[in-house]
Amino acid sequence: MDPAALRILQREYQPFVPRPIKKPTVFYGVRLGHVPGVYTSWKVAKPHTVGILSDFKLFQTRKEKAEEYLASVITLSQPPLPSPEVVLYTDGSASLSSGMAGWEVFAHRSDNSETSLW
């Protein structure tokens, strides 16, 4: 190969040098959403909060703040009751193909007696 062409190619095509991986500087704690968790960018966290009632916050540290936030009780802006007498569980589903839907409520009493509303 011509030495002049070789010098031109060496100038234009530098060897690959990988860029250092940056540590995330912010963390998004999604406590109530499609998939709760700690995310390192809003681009990844946002789809888990769209279309539903969600609870999320921005944090500067993962261990001390974001994971602690996820572990805390979800109250939806209401203080939790100190000793509730009945705990309600709800669930629902729907089928687009048949056009049918259903739901159920289950009540659990603190004295270990279970009562269904149906």
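Given the structure is predicted, the values throughout are model-derived calculations rather than measurements.

**Q** What exactly am I supposed to notice about the sheet that holds strand β2 (residues 37-39) here?
**A** Strand pairing in a sheet relies on backbone hydrogen bonds. The paired strands run either parallel or antiparallel. Spatially, the 3 strands line up as an open sheet ordered β2-β1-β3, and their pairing is antiparallel. Each of the sheet's edge strands pairs with one partner strand only, and the pair in question is β2 and β3 (55-59). Between one strand and the next, the sheet's axes are offset by a mean angle of 20°, whatever the strand orientation. As defined by bridge partners, strand β1 (residues 27-32) adjoins β2 across 3 bridges and the pair is classed as antiparallel. The partner of G29 across the bridge, within β2, is V38.

**Q** How should the nonpolar core be read in this particular structure?
**A** In a soluble, globular protein the nonpolar side chains are often hidden away together inside. Formed by F27, V38, F59, A66 and Y69, the largest nonpolar core amounts to 5 residues. Other than its neighbours up to four places away in sequence, V38 contacts F27, Y28, R62, A66, E67 and L70.

**Q** What is the right way to read the pattern of salt bridges from this model?
**A** Between side chains of opposite charge, pairing is possible as soon as their charged atoms come close. In total, this model carries 1 salt bridge according to the counting rule given. When the shortest N-O distance is used, the salt bridge between R31 and D55 registers 2.5 Å. Pair noted here: R31 is in strand β1 and D55 is in strand β3, with a separation of 24 residues, a long-range link. Comparing R31 with D55 shows no difference in burial state: the two are buried.

**Q** I would appreciate a short explanation of the confidence of the model for the protein chain in the present structure.
**A** Where the model shows low pLDDT, its predicted coordinates should not be examined in detail. On average, residues of the protein chain carry a pLDDT of 76, and 72% of them reach 70 or more. Mean pLDDT in the protein chain bottoms out at strand β6 (residues 114-116), which sits at 56, and peaks at helix α2 (residues 42-45), which reaches 91.

**Q** Hey, could you run me through the packing of aromatic side chains in this one?
**A** To describe a pair of aromatic rings, one takes the distance between the centres and the angle between the planes. Taken as a whole and judged by the stated rule, the model has 3 aromatic pairs. On the basis of an interplanar angle of 40° and a centroid distance of 5.1 Å, the ring pair of W42 and F56 is categorised as tilted. With W42 in helix α2 and F56 in strand β3, this pair connects stretches of sequence that are 14 residues apart. Judged by its relative accessible area of 35%, F56 is partly exposed. Taking 5.3 Å as the distance between ring centres and 50° as the angle between the ring planes, the aromatic pair formed by F59 and Y69 counts as tilted. Residue F59 is found in strand β3, and its partner Y69 is found in helix α3 (residues 62-71); the two are separated by 10 residues along the sequence. The residues F59 and Y69 share a single accessibility class, namely buried. One aromatic cluster is present, built from ring pairs that chain together Y28, W42 and F56.

**Q** Can you walk me through the environment of K23 in this structure?
**A** Residue placement: K23 occurs in the loop between α1 (3-12) and β1. Classification of K23 by relative accessible area gives exposed; the value is 73%. For the pair K23 and T40, spaced 17 residues apart in sequence, the C-alpha to C-alpha distance is 9.3 Å.

**Q** Explain the environment of S93 here, please?
**A** Within the fold, S93 resides in strand β4 (residues 86-95). Under the relative-accessibility criterion, S93 is labelled exposed at 53%. Excluding residues that lie within four positions of it along the chain, S93 makes contacts with A101 and G102.

Rules of the game
- Residues numbered from 1 in each chain as written.
- Predicted model: local features only at pLDDT ≥ 70, side-chain atom pairs only at ≥ 80, totals over all residues.
- Heavy atoms only, no water.
- Pairing = 2+ DSSP bridges.
- Helix = DSSP H or I, 4+ residues; strand = E, 2+ residues; numbered from the N terminus.
- Axes fitted to C-alpha atoms, helices over the stretch in contact; angles between N-to-C directions.
- Core = buried A, V, L, I, M, F, W, Y, C linked by side-chain atoms within 4.5 Å.
- Buried < 20%, exposed > 50% of the residue type's maximum accessible area, 1.4 Å probe, protein only.
- Contact = heavy atoms within 4.5 Å.
- Salt bridge = Lys/Arg side-chain N within 4 Å of Asp/Glu carboxyl O.
- pLDDT = per-residue confidence, 0-100.
- Phe/Tyr/Trp six-rings, centres within 6.5 Å; stacked < 30°, edge-to-face > 60°.

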